[in-house]
Amino acid sequence: MKLIAGNWKMYKGPAEAAEFCLGLRDEDLDGADVVVCPPYVSLAVSVQLLAGTEVAVAAQNVHWDEEGPYTGEISARMLLELGVYGAIVGHSERRQYFGETDETTAKRARAALAAGMFVIGCVGETEEERETGQTEQVLQRQVSAFESDDNLVLAYEPVWAIGTGRTATPDTAQEAHLFIKSILDVPVLYGGSVKPDNAAVLLSQPDVDGALVGGASLDLESFIAICRAGANIPS
Ligand code: 13P
């Protein structure tokens, strides 16, 4: 079985999140390992409506301090109080638009793990980095910022594949995942234009341990299709 995580990004306020979670609750997911990552304002309702199901709820980021003068930030302790069990850190959109670095990503991951949370750490090269032969160098640097932990998984999200409909080929993903695991031996999810029609072939790669799904996780039917694909492929 593979882990399927839906990253909603800045979509679905509380009302839409509630509608989605109610729908998800009624579905048979074939025992899939599933997590949804709503925006902060929709975490509470999602936790409430998915309580008692197999679907876990994680945040899209987390700060490294327990509390403090950090406008716009949320701590692991606050998330845990809400019943949120994990968080994404270092997503390329955070790195690209909000100045997130390997260092801040590492601090966030370390604090969340120390607080007992599950963490999805994101890595991935840009198109220019791939075209100029820097993929391994970039992955080496980004992955080395993390430390191995039972509650850590990484997500390989090539920036050129995010929201573009240009998925990495199964071979490209497999090769990158193997390289990442040679640096840090943790499960690695693939992210970047995962859709119902390409999920099974990507997830069938031996070192693709799951998927981090953006756009296709917003639609209940397509998310369920990807979850079922994940449930039916052995780890
Ligand atoms: P898309 O699935 O929309 O390409 O997004 C991937 C992603 O960034 C998940 O975190």
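Above this note sits the structure.
Note that the coordinates shown come from a computational prediction; the quantities given were computed from them, not determined experimentally.

Q: So what exactly am I meant to see when it comes to the sheet that holds strand E4 (residues 86-89) here?
A: Sheet architecture is closed into a barrel: 8 strands sit in the order E1-E2-E3-E4-E5-E6-E7-E8, paired in parallel fashion. Strand-to-strand twist of the sheet, defined as the mean angle between neighbouring strand axes without regard to direction, takes the value 25 degrees. Pairing between strand E1 (residues 3-7) and strand E8 (residues 210-213): 4 bridges, direction parallel. What sits directly across from Gly6, in E8, is Val213.

Q: I tried to follow a negative patch on the surface on my own but got confused; where do I start?
A: Negative charge collects at one region of the surface, where Asp28, Asp30, Asp33 and Glu54 lie side by side. Tracing the backbone shows Asp28 in the loop between helix H1 (14-25) and strand E2 (33-37). For Asp28, a relative accessible area of 52% translates into the label exposed.

Q: What is the right way to look at the pattern of salt bridges in this model?
A: Opposite charge on two side chains allows them to pair when their charged atoms are near. In the structure shown here, the tally under the stated rule is 14 salt bridges. Between Glu93 and Lys9 there is a salt bridge; the shortest N-O distance is 2.8 Å. You can see Glu93 sitting in helix H4 (residues 92-97) and its partner Lys9 sitting in the loop between E1 and H1, a full 84 residues away along the chain. According to the relative accessible area criterion, Glu93 is partly exposed, its value standing at 23%. Asp209 is the partner of Lys181 in a salt bridge, and the nearest nitrogen-oxygen pair spans 2.7 Å.

Q: Would you mind showing me how to read the environment of Val41 here?
A: Mapped onto the fold, Val41 is located in the loop between E2 and helix H2 (43-50). Taking the C-alpha atoms as reference, Val41 lies 19 Å from Glu66; in sequence the two are 25 residues apart.

Q: I keep staring at the site of the ligand and nothing clicks. Help me out?
A: Around the ligand, a shell composed of Asn7, Lys9, His91, Glu157, Ala161, Ile162, Gly163, Gly192, Ser193, Leu212, Gly214 and Gly215 is seen. Here an oxygen atom of the ligand sits 3.0 Å away from a polar atom, N or O, in the side chain of Asn7. Gly214 places a polar main-chain atom, nitrogen or oxygen, 2.9 Å from an oxygen atom of the ligand. Of the residues contributing to the shell around the ligand, the split by class is 3 nonpolar, 7 polar and 2 charged.

Q: How should H2 be read in this particular structure?
A: Residue pairs spaced three or four apart in an α-helix point in one direction, given the helix's 3.6 residues per turn. Where burial is concerned, most of H2 is hidden: 6 out of the 8 residues are buried. Turning to H2, its buried residues are Leu43, Val45, Ser46, Val47, Leu49 and Leu50. Each element contacted by the buried residues of H2 is listed here: H1, E2, strand E3 (55-59) and helix H3 (76-82). With its phi angle positive at about 85 degrees, Gly52 sits one or two positions after the end of H2.

Calculation criteria
Residues numbered from 1 in each chain as written. Predicted model: local features only at pLDDT ≥ 70, side-chain atom pairs only at ≥ 80, totals over all residues. Heavy atoms only, no water. Pairing = 2+ DSSP bridges. Helix = DSSP H or I, 4+ residues; strand = E, 2+ residues; numbered from the N terminus. Axes fitted to C-alpha atoms, helices over the stretch in contact; angles between N-to-C directions. Patch = residues over 30% accessible without salt bridge, like charges linked within 9 Å, V, L, I, M, F, W, Y side chains within 5 Å. Areas by Shrake-Rupley, 256 points an atom, 1.4 Å probe, with all protein chains shown as cover. Salt bridge = Lys/Arg side-chain N within 4 Å of Asp/Glu carboxyl O. Lys, Arg positive; Asp, Glu negative; His and termini not counted. Charge placed at Lys NZ, Arg CZ, Asp CG, Glu CD. Buried < 20%, exposed > 50% of the residue type's maximum accessible area, 1.4 Å probe, protein only. Near = heavy atom within 4 Å. Polar contact = N/O pair within 3.5 Å; in protein donor to acceptor, adjacent residues only side chain to side chain. Nonpolar A, V, L, I, M, F, W, Y, C, P; charged D, E, K, R; others polar. Contact = heavy atoms within 4.5 Å.

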